[in-house]
Amino acid sequence: MTPPPVAAPAGRNGDSRRRRVSPDFGPPRRSARSAGPRTAPRPASRPASRPRRLSGPATSRQREAALAGAGAGTLGLRLPLPGYLRLPDRLIDRLIGGRTWIAVIAFALIGIVAMQLWVVKLGVGIGRALEHTQLLQRENAVLAGEDSALSSAERIERLALAKGMVFASPGALHFDKTRGSLDVRLAAGALAKPAQSPTTPATTTTTTPPAAGSETEPAGEATLAAGTQPANTTRATAGSTSETQSAPTTTPEVAASTGVATSPAGSTETAAPTAVAPGGSSEAAAPTAVAPAGSSEAASPASDAGGGTPTPGG
Amino acid sequence: MAHAQNRIGVLFAAFFGLLTIAAGRTLYLGVLHGAALRKDANSQQVTIEEVPAQRGTITDRNGTVLAISEPAGTISADPYLVKNPLAASEHLAPLLGDSQAALLRALSQHSGFVYLARALPAARAKAVMARAQELEITGLSETATMRRTYPRGTLAAQVLGVAGTEGAGLSGLEYADNALLRGSAGQRRVVSDAHGQPIAIADVHREASGAQLTLTLDANIQQRVEAVLNAVGSVFHPKDATAIVLRPDTGAVLAMASWPQLNLDALPASKATLEAALENRAVSFDYEPGSTFKVVAVSGALQRGLITPTTEFDIPDQIQVADRTIHDAEEHPEEMLTTEQILAQSSNVGAITIGKLEGENTFNEWVHRFGFGARSGVDLPGEEMGKVLEPSEYSGSSMGNLPIGQGELVTPIQMAAAYAAIANGGVLRTPHIVAAVNGHPTKLPAGHRIISASIASEVRQMLRGVLAPGGTASEVSVPGYQLAGKTGTASKIDPATGQYSETAYVASFMGFAPASNPQLECAVIVDEPQSGSIYGGTVAAPAFGQIMAFALPYLGIPPSS
């Protein structure tokens, strides 16, 4: 029995095919005889027949085997996580190697497209919002203008006069002095009571600043009662006013600007100034307040501002 | 099996072919034709829009809007692109508020750009563009802009002034505070889709709205003052008239009106007429004040201790000063008048006597101390400073003119400030009209004392006599209130002769109330009243009375008694 004449090691698959070596290339070969025996024993640990590696993703069992063979402690591929934080290998395998990724990627792509669409829609929305803002600003400006025009005292006065209201004469207005906390208590009490009927007789309650001479701002300080009563139902005059805390609260500003009144009809103020009769006025009694014609100073030019002699009246 | 292989091969070839085509197309669009396409896309999809700044609002002290800007549209056209100008002008003229002939003329110009309407209200501008689109009229475009509106029309027109179509203030507060009001325009980059819908908007520069001005004016008092001046105008037919209402303790102007009125929303077409109408005569009218100036001579002499309210003077009917003889307004025998009576009866001879008592230099000093000869500093444009002679310029007869308010020029606001000093206890304050900017109160200049409080009180007491029986404005009263003031009737120079006219006068009244503790002051100046009377006591004082009768209770100022 002769040994097989093959000196080359076994092939990758462990077969014993003979490798042909060209004698013309390579380093000078060692003499087979001098190198030792021509036959070498197979390593004892090598399996006699290793299963062929199949294409495709490794199965979990294969991976487990590979990991186990590599030695977790030496390669450092695993994070030094405590056991309870470590995902099961099987789950990792499923996550990485499963077909779920296809769905995930598809979902992500759809999401990106949807997000882009959403951004575009957002842009459209911003555009519309800006247009709407401009529209509102425009309307606001127009309304502010209309509000100003409609609140014109002249217009309100005209409307009030058409309804028979007349201006309160300044003498018909009476002012009451404030009484500090007493007024506050009375006002609070009046607020708690039910509203008075609209047939409340016209009364006047006004307040003044505590000290004469101090700055007197109208709003909230002085109230003019009966300001909303038509003249024909109001009899409040300078002598007929009474002080009532529960009187309607219309500020003098409002009352004055709206043309409502407490004075008797006929006392309406008209804007036209009356040319006051000169009787009693010294200057009015002398309508010619210039230097007499023919006087010497009238002929002489004035040195300061003009010629002649000015004789201004009062 | 071979059949399947063939089909796979064909499918692969088809996909490969499609991929090749796509790659080629991408190369063509992205590289070979990319620049041109990018340019087209930019021009069609990306626009840089100008965002006009909203000009600041002007309100009165109560927030009533006096001037506001609202979005508007300017319609322009490229006449070369308008195919049928006749039809276009026929349909668009009513909407543009223009005549068809004028519109046709504009659309027939040999130009690439013409304005059809500027700063139309936004709704109207949109209607014009919608109509043009509906009728397929090409070549029209709309530019967003702002238009200034004045909701109260004539109210405080000369004070507010006007802003031009380009948004710049041209007169009044619109001009003086243009830097605050105008704001700054912004730029916006808009990317639109194929349908013109914006899909991306980004501010290149953000616009900044103008500041909001809150004035010291009170719209209701202003309206009343203007109504009174209108009545003065209709009764006395003066050349013009002006009135100022202010708080003597702060110098805050509550009303400032000029007549004739001007409607800011319907300005006159003539430039000269417009300029004249826009003039705020309360600050620009130089006039000889007449008897209202007598308080300067009297206050100075009182402060110097030369006289007291009860000092008696022997007052003849006339007085000789150098080569001139000055008469009192009415003939009277020689009489003894106190200082108080001199003011109440407005005696020229008496005032000249007091002026001569002071002497030229002292009198001149008091004229300047009361603020004459210099601008008051009110925050309004176009203020004149008047003209006050220096002692070196005096002639021999100057002291016969100056103490009675002739021979010097003042403005209504100067007079109002001087009387406010008497009313508030002797402190000359700068009148002001802007109360706050964007809600922040403006810093008020400190006043300075010109006469002592006691002298001011004495002068106030003496001025009550003017409206008392025997005074020159005795017919004027406001029930429940004690008034004080001074009438003035000043001769005007006739420009033709250079002499004082015998027909042209300035009637004025300066007064305040309540006399014991003045809280409101009013000045009325009527230039050349033509019919009826010419005197301050009969022309201006009644107007003062009517204004005060409204304003005192309106402001909650309690009656004196």
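Residues numbered from 1 in each chain as written. Chains lettered and ligands numbered in written order. Predicted model: local features only at pLDDT ≥ 70, side-chain atom pairs only at ≥ 80, totals over all residues.

**A closer look at the overall build of chain A**
A tally of regular secondary structure across chain A gives 10 helices and two strands. Evaluated residue by residue, chain A yields a buried proportion of 22% over its 314 residues. Intrachain contacts of chain A at a sequence separation of at least 6 include 71% that bridge at least 24 residues. (Helix = DSSP H or I, 4+ residues; strand = E, 2+ residues; numbered from the N terminus. Buried ≥ 20, exposed ≤ 12 C-beta atoms within 10 Å, placed from the backbone. Contact = placed C-beta atoms within 7 Å.)

**What to know about the overall build of chain B**
When helices and strands are tallied, chain B shows 19 helices and 21 strands. Within chain B, the fraction of its 561 residues that count as buried is 53%. Long-range contacts, defined here as pairs at least 24 residues apart, represent 72% of the contacts in chain B between residues at least 6 apart.

**Focus on the nonpolar core**
Residues and elements named next belong to chain B. Judged by nonpolar contacts, the single largest core of 141 residues is most densely connected at Ala243, Ile244, Val245, Ile547 and Met548. Counting the residues that make up this core, at least three belong to each of domain 1 (45-70 + 146-215) and domain 3 (219-554). Among residues more than four places away in sequence, those in contact with Ala243 are Val225, Leu229, Ala255, Ala257, Cys522, Ala523, Val524, Ala543 and Ile547. Ala88, Ala106, Ala117 and Leu120 belong to the second-largest nonpolar core, a separate cluster that totals 21 residues. (Core = buried A, V, L, I, M, F, W, Y, C linked by C-beta atoms within 7 Å. Domains from an automatic or database assignment.)

**A short note on the sheet that holds strand β6 (residues 186-192) of chain B**
Residue and element names in this part refer to chain B. Spatially, β1-β6-β7 is the arrangement adopted by the three strands of the open sheet, whose pairing is antiparallel. On the outer flanks of this sheet lie β1 (46-51) and β7 (198-205), each paired with one strand and no other. Across the sheet, the mean angle from the axis of one strand to that of its neighbour is 25 degrees, orientation sign disregarded. (Pairing = 2+ DSSP bridges. Axes fitted to C-alpha atoms, helices over the stretch in contact; angles between N-to-C directions.)

**Observations regarding the packing of helix α12 (residues 294-304) of chain B against helix α18 (residues 453-464) of chain B**
Residue and element names in this part refer to chain B. In contact at an axis separation of 10 Å, α12 and α18 are set at 135 degrees when each is read in the N-to-C sense. Here α12 is positioned oblique relative to α18, judged by the angle of their axes. Crossing handedness for the pair α12 and α18: right-handed. Residue-level contacts link Val295, Val298, Ser299, Leu302 and Gln303 of α12 to Ile455, Glu458 and Val459 of α18. Its residues placed into classes, the contact of α12 with α18 shows five nonpolar, two polar and one charged. (Parallel < 35°, antiparallel > 145°, perpendicular 65-115°, else oblique. Left-handed = near helix turned anticlockwise from the far one by under 90°. Nonpolar A, V, L, I, M, F, W, Y, C, P; charged D, E, K, R; others polar.)

**Regarding the environment of Gly377 of chain B**
Residue position: Gly377 of chain B is located in the loop between α15 (360-369) and α16 (398-401). Between the alpha carbons of Gly377 of chain B and Pro445 of chain B there is a distance of 9.4 Å; along the sequence they are 68 residues apart.

**So, the sheet that holds strand β20 (residues 500-513) of chain B**
Residue and element names in this part refer to chain B. In spatial order, the strands read β10-β9-β21-β20-β19; together these five strands make up an open sheet with antiparallel pairing. Strands with a single pairing partner mark the edges of an open sheet, and in this sheet they are β10 (253-259) and β19 (484-493). Strand-to-strand twist in this sheet, taken as the mean axis angle between neighbours without regard to direction, amounts to 10 degrees. Bridge count for strand β9 (residues 240-246) against strand β21 (residues 520-527) is seven bridges, and the pairing is antiparallel. Residue Thr242 lies in a different strand from β21, and its bridge partner there is Ile525. Set on the sheet, helix α9 (residues 219-236) makes contact with β9, β10 and β21; between it and β10 the angle comes to about 25 degrees.

**A short note on the confidence of the model for chain B**
Scored by pLDDT, chain B has a mean of 91; 100% of the residues are at 70 or more. With pTM at 0.70, the complex prediction returns an ipTM value of 0.72. (pLDDT = per-residue confidence, 0-100.)

**Comments concerning the pairing of β19 of chain B**
All names here are of chain B. Among the 10 residues in β19, nine count as buried, and that is most of the element. Pairing geometry for β19 and β20, over nine bridges, is antiparallel. Bridging from a neighbouring strand, Ile493 pairs with Tyr500 of β20.

**As for the pairing of strand β16 (residues 434-437) of chain B**
Residues and elements named next belong to chain B. Alignment of strand β8 (residues 213-215) against β16, held across three bridges, turns out to be antiparallel. The residue of β16 that forms the bridge with Leu213 is Val437. Pairing between β16 and strand β17 (residues 440-441): two bridges, direction antiparallel. By the bridge assignment, Val437 is partnered in β17 with His440. Following β16, the chain reverses through two residues before pairing antiparallel with β17; Asn438 in that reversal takes a positive phi of roughly 55 degrees.

**Some remarks on helix α19 (residues 536-554) of chain B**
The terminal C-alpha atoms of α19 of chain B lie 25 Å apart, and with 19 residues this matches the ideal 27 Å at 1.5 Å per residue to within 8%. With its phi angle positive at about 75 degrees, Gly556 of chain B sits one or two positions after the end of α19 of chain B. (Expected span 1.5 Å × (residues − 1).)

**Focus on the environment of Pro289 of chain B**
Residues and elements named next belong to chain B. Tracing the backbone through its elements, the reader meets Pro289 in the loop between α11 (281-284) and α12. It is 8.7 Å that separates the C-alpha atoms of Pro289 and Pro412, two residues lying 123 residues apart in sequence. Excluding residues within four positions of it along the chain, Pro289 makes contact with Gly405, Val410, Met415, Gly488, Ala490 and Ser508.

**Here we look at the packing of α12 of chain B against α15 of chain B**
To describe two helices that pack against each other, one gives the angle between their axes and the distance between the axes. Residues and elements named next belong to chain B. For the pair α12 and α15, the least separation of the axes is 9 Å and the interaxial angle reads 110 degrees. In terms of their interaxial angle, α12 and α15 are classed as roughly perpendicular. Relative to α15, α12 is oriented so that their crossing is right-handed. Taking contact as the criterion, the partners of Val296, Ala297, Ser299, Gly300 and Arg304 in α12 are, on α15, Thr362, Phe363, Trp366 and Val367. Classifying every residue of the contact of α12 with α15 by side-chain character gives five nonpolar, three polar and one charged.

**Here we look at α9 of chain B**
All names here are of chain B. For α9, which comprises 18 residues, the first-to-last C-alpha distance of 25 Å matches the rise-based estimate of 26 Å (1.5 Å per residue) to within 8%. α9 sits mainly inside the fold: 14 of its 18 residues count as buried. Where α9 terminates, the next one or two residues include His237, which has phi positive at roughly 45 degrees.

**A word on the confidence of the model for chain A**
Residue and element names in this part refer to chain A. Per-residue confidence for chain A averages 57 on the pLDDT scale, and 36% of its residues sit at or above 70. Of all the helices and strands in chain A, helix α10 (residues 296-299) carries the lowest mean pLDDT, 31, while helix α6 (residues 153-162) carries the highest, 89. Counting interchain partners and residues more than four positions distant, the pLDDT-below-50 stretch residues 1-40 has 16 contacts.

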